[in-house]
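A structural walkthrough
Next come the chains, spelled out residue by residue.
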Amino acid sequence: MKVLFGLILLFSSYFVFSQKGTVKGKIIDNSTDFPVAGAKVNIDNKYRAFSNPEGIYELANVPYGEYTMVISMTTFDTVRVKINVNSATVEKDVKMGGSVEFAEIEVIGNMVRDNVPIAVTKIPTQKIVEELGSRDLPMLLNGTAGVYATTQGGGDGDARINVRGFDQRNVGVMIDGVPVNDMENGAVYWSNWFGLDAITAQMQVQRGLGATKIAMPSIGGTINILTQGIGNKKGGMLKQEYSTGNMLRTTFSYNTGMTKSGWGLTVSASYKQSDGWVYGTPSQGFFGYGKLSKKIKNHLVTLSAFAAPQWHGQRLFSQAIQYFSEDKAREAGVEVDTNLLFYDMGIRFNQHWGYRTNENGEREVFNERRNFYSKPQITLKDFWKVNDKLAISNLAYMSIGRGGGTNIYNSGALLRDSTGLIDWDKIEQENQINSLFGTPNIDPLYSSTEIKSSQVLLASINNHFWVGYLGQFNYNVSKNLEVSGGIDFRYYEGRHYQRIEDLLGGDYYVDKEDKNAASPMKRVGDRVAKNTFNADRDGLVQWSGAFGQVEYSGEKWSYFVNLSGIVNGYRGVDYFQKRKLELTTTSYNNFGIANQILDTTLYIGYSEVGTEWVPDTIKYNGQLYTNDSPGLEYQKTDWKYIPGFTFKGGASYKLDKNSNVYLNLGYLNRTPQFSNVIDNNTNTFFGEIVNEKIQAVEGGYNFADKVFGVNFNAYATNWQNKPFPYGVQVPDPQDPTEFIRININGMDAVHLGGEIDIAYKFNKELSTEIMFSFGDWFWNSSKTIFIPQYDSLEFSFDAKGVHVGDAAQTALAASLRYEPFKNLYVKVQAQYFDCYYANFDPFTLQGSNGGRDSWKIPSYFLLNFFAGYKEQFKNSALILSGSITNLLNSVYIADATNNANDIYDNFDAKSATVMFGQGFRFNVSIGLQF
């Protein structure tokens with residue numbers, strides 16, 4: 001019997017160990033989600049394979065048992081994973097990348113993990129490569145749930161983005177962990193980030209308050225962009241593009257990966273030029289990027305810098321519908337007036353340009369609205385993985401912005417030719433010759449020989465200097481529990497003034513408003529003070545913040561709790577008004593301690609006396625004070641400090657291996673933006689400065705397996721005390737002929753909505769994505785407010801129940817991607833937008849207009865097409881790609897403003913001004929990958 005039992009056991013063991021299975025899967029780059037080709041896969045030094053160009057590997061005839069599978073490649077850290085071969089087929093996908101850099105992504109880049117309970121959309125590099133074309137980066141996100149983006153006037157880089165009904169001033173944007181929203185008004189200027197697509201490794205859109213650890217102006221969402229580094233595969237790309245508007249762009253990128261000595265270098269350069277899709281909007285831009293990394297034991301030290309100097313023509317002002325299209329005006333029910341000067345001009349028409357004869361006698365395009373800017377940014381960071389539990393990062397950055405935008409200042413209407421274009425040659429002639437007498441425009445009060453210009457081209461300069469420091473730590477208390485925290489310091493100086501850019505045929509211009517100038521005669525490059533809103537001033541902002549987060553990730557439950565606090569400092573400096581001199585007297589107390597007591601304040605500058613421009617001389621207590629007196633200072637406010645804080649948290653429960661549900665909530669006590677603290681016209685603090693208060697709650701469900709995925713979420717956001725940027729303009733109660741700007745507190749808005757994302761892979765060749773988002777966003781206030789600093793002033797408005805404007809509240813997008821054979825793809829994308837209410841100022845809803853909805857623009861449908869082919873060689877690949885946006889050349893209104901045409905105020909299509917979206921556009925490119 002014992003012999004029989006032994007024989008049975010022997011044969012059973014032989015049978016088990018003789019069973020064999022196949023191990024297969026895909027090797028993926030952890031920072032790009034692209035397949036990794038050529039990775040070596042090894043089990044027990046007996047079973048080996050290499051991943052193919054699609055990243056797929058397969059090991060056959062592996063005996064049943066537990067193993068350590070080793071995946072290695074020169075440019076990546078070696079990965080070891082436990083694997084149990086206990087069936088005929090075992091599938092195991094593996095992510096590769098620099099382990100230190102991968103941890104850095106989570107700490108510095110604020111990228112969220114899959115189990116964090118928030119609504120997040122990951123934008124893979126593949127999507128950027130296939131769909132962006134020559135568009136601005138926000139336009140790529142138009143198929144993302146909750147996102148609405150437009151090109152606005154159509155100038156290169158002038159796109160804007162709206163998330164869940166909140167404009168981009170309330171959407172946080174971060175590049176490599178560095179916040180880039182303007183420190184004075186929260187805006188994001190996408191023209192400053194041309195070329196970023198060439199070096200983007202990862203991109204995420206976190207909707208709602210998100211899980212970003214540092215304090216951000218993120219009410220609608222946060223966009224996180226991470227650039228390439230040593231964790232990416234070694235190689236480069238040379239790419240040439242051509243697109244609508246005679247756009248040419250050349251791009252070169254190269255990444256060394258990590259060398260054996262721990263060094264890594266990423267470089268990229270790009271140049272583009274275009275005539276523009278909108279007439280009269282030519283552009284030119286350069287992009288340069290460098291990222292030098294060094295791995296020193298457990299440290300990853302990185303120095304990066306990029307700059308994108310550019311200029312582009314703009315179309316800034318929306319117009320009545322019939323201005324662009326008679327047909328669309330009639331479709332909207334507008335009674336067309338054919339007697340207007342601008343009528344049915346076409347949707348590409350631009351009122352800001354014309355032809356100008358240059359020094360060589362050639363006629364060239366000249367746009368009065370020309371944006372020019374360069375915003376180089378330098379970042380130094382050290383990521384230290386102290387041990388398996390603790391990681392510390394230190395990041396310092398600096399940004400120096402220089403540039404602005406031009407506009408014409410004239411004493412009358414712009415001179416135009418018969419086609420409606422600006423007649424620049426005639427403007428120069430009017431500057432030089434008096435049209436009544438036919439004599440040169442010479443004013444003997446200033447010069448007997450030089451021409452005095454009455455029309456000049458001004459440039460509104462908006463320079464800035466911005467430095468910051470961000471220090472963080474992550475500590476893994478256990479396998480499931482992580483604690484993190486840090487500090488965030490920023491200092492910002494915004495420099496704003498106007499200068500003469502072009503005298504348009506004259507020699508000088510007279511400016512009597514600048515009280516600190518020694519002469520009113522101004523020449524090219526001199527500062528002027530014709531527009532007090534953009535007068536010679538500084539905006540200074542200090543930001544001190546701290547944050548902490550606890551995050552738990554278990555087998556079933558995951559949660560996070562985040563708390564951050566900040567103190568914002570604000571100060572304004574005015575170089576336009578006369579300088580001030582504070583005279584003090586000294587007194588002594590009983591202990592002999594001296595005290596300085598303010599006696600009086602003198603304001604000293606320059607004044608017009610008769611026909612003379614003379615320096616002030618003021619006599620006080622028998623002493624003369626002039627421009628040379630010591631102690632004179634430009635007028636500046638005191639520092640004003642305002643605290644704020646954010647609390648947010650969420651929990652996720654894993655229903656099974658493929659699905660989970662989640663809930664998150666948050667409370668944001670947000671400090672106001674600079675533009676709602678200091679009045680730029682007077683350089684004084686607004687009265688009644690109150691923080692904004694935002695409460696948000698969101699819940700959702702996620703499911704994903706190998707072929708199907710669906711995400712559903714619903715959200716509710718209550719925004720209390722939403723301010724109007726730069727205050728509200730009202731008549732001065734002490735002088736009704738003048739206007740003042742005041743802060744109006746108490747405007748509330750509610751944003752409710754839901755979002756659905758669906759992805760399905762029919763087979764290896766065919767896949768689809770579908771998105772649907774719907775919102776109910778409305779104002780929730782009706783009040784009469786008394787303005788404390790003006791006893792007789794009260795302000796009433798009724799916006800209760802009125803829909804929020806400026807974005808489509810309903811959106812649907814669907815795409816179908818097909819690969820008929822290896823390395824060839826075609827993709828069709830459809831987009832539909834509806835329930836867009838024209839933008840408006842809710843504080844204007846007064847009297848009989850109280851509670852009235854603004855005009856709702858017609859819904860519209862767009863069809864886009866993308867295709868590409870990759871010819872793979874041994875060590876390189878040739879890549880051909882093309883895209884067509886608005887394939888059907890649909891004519892549609894993309895932006896609208898209510899009651900903005902200065903003639904009608906009936907809350908209808910006739911009263912609105914609009915911007916049309918761009919028509920048929922194509923982009924083709926050829927690239928060499930090596």
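Computed from a predicted structure; not experimentally measured. (Residues numbered from 1 in each chain as written. Predicted model: local features only at pLDDT ≥ 70, side-chain atom pairs only at ≥ 80, totals over all residues. Heavy atoms only, no water.)

Digging into the overall build of the chain
When helices and strands are tallied, the chain shows 7 helices and 61 strands. The C-alpha atoms of the chain give 32 Å as radius of gyration, which agrees with the globular expectation for 930 residues (30 Å, within 12%). With the C-alpha coordinates of the chain rotated into their principal frame, the extents come out at 130 × 80 × 60 Å. Out of the 930 residues in the chain, the part that is buried amounts to 52%. The long-range share in the chain, meaning contacts at least 24 apart out of those at least 6 apart in sequence, stands at 66%. As presented, the chain carries roughly 41100 Å² of accessible surface, and 55% of it is formed by carbon and sulfur atoms. The chain carries 86 positive and 95 negative side-chain charges, and their two centres are separated by 11 Å. (Helix = DSSP H or I, 4+ residues; strand = E, 2+ residues; numbered from the N terminus. Rg over C-alpha atoms; globule rule 2.2 N^0.38 Å. Buried < 20%, exposed > 50% of the residue type's maximum accessible area, 1.4 Å probe, protein only. Contact = heavy atoms within 4.5 Å. Areas by Shrake-Rupley, 256 points an atom, 1.4 Å probe, with all protein chains shown as cover. Lys, Arg positive; Asp, Glu negative; His and termini not counted. Charge placed at Lys NZ, Arg CZ, Asp CG, Glu CD.)

Structural notes on the sheet that holds strand β13 (residues 171–175)
Strand order in the open sheet formed by 5 strands is β9-β15-β16-β13-β14, with mixed pairing between adjacent strands. In the strand order of this sheet, the two ends are held by β9 (119–122) and β14 (178–179), each with one partner. Both β13 and β14 contribute to a ladder of 2 bridges, which runs antiparallel. Its bridge partner being in β14, Met-174 is matched across the sheet by Pro-179. (Pairing = 2+ DSSP bridges.)

Re the pattern of salt bridges
Inspection of the entire model under this criterion finds 32 salt bridges. Of the charged contacts, one joins Arg-330 and Glu-326 as a salt bridge, the two residues approaching to 2.8 Å between their closest N and O atoms. Separated by 4 residues within a single helix, Arg-330 and Glu-326 lie in helix α6 (residues 326–331), roughly one turn from each other. Residue Glu-326 is classed as buried on the basis of its relative accessible area of 18%. Beyond isolated ion pairs, a larger network of salt bridges with shared partners links Lys-127, Glu-130, Glu-131, Arg-817, Glu-819 and Lys-827. (Salt bridge = Lys/Arg side-chain N within 4 Å of Asp/Glu carboxyl O.)

Description of unusual backbone geometry
What is expected of a backbone is that most residues other than glycine have negative phi and most peptide bonds are trans. Its identity is not glycine, yet Asp-806 carries a phi of approximately 90°, on the positive side. For Asp-806, the position within the fold is in the loop between β54 (794–798) and β55 (808–818). At Asn-823, a position not held by glycine, the phi torsion is positive, near 75°. On the secondary structure map, Asn-823 appears in the loop between β55 and β56 (824–836). Its relative accessible area of 24% is what places Asn-823 among the partly exposed residues.

A short note on the confidence of the model for the chain
Chain-level statistics for the chain give a pLDDT mean of 88 and a share of 93% at 70 or above. When pLDDT is averaged over each helix and strand of the chain, the minimum, 48, is found for helix α1 (residues 2–18) and the maximum, 98, for β56. Throughout residues 7–17 the model reports pLDDT below 50, and contacts reaching past four residues in sequence, or to other chains, amount to 2 contacts. (pLDDT = per-residue confidence, 0-100.)

Observations concerning the pairing of β13
Along a regular strand, successive side chains alternate from one face of the sheet to the other. Extensive coverage of β13 is indicated by the burial of 5 of its 5 residues. Burial along β13 is two-sided: Val-171, Val-173 and Ile-175 and Gly-172 and Met-174, pointing in opposite directions, are all buried. Sheet topology note: the β13/strand β16 (residues 221–227) ladder contains 5 bridges and is parallel. Bridging across to β16, Gly-172 finds its partner in Thr-222. Between the antiparallel neighbours β13 and β14 lie 2 residues, among them Asp-176 with a positive phi of about 55°.

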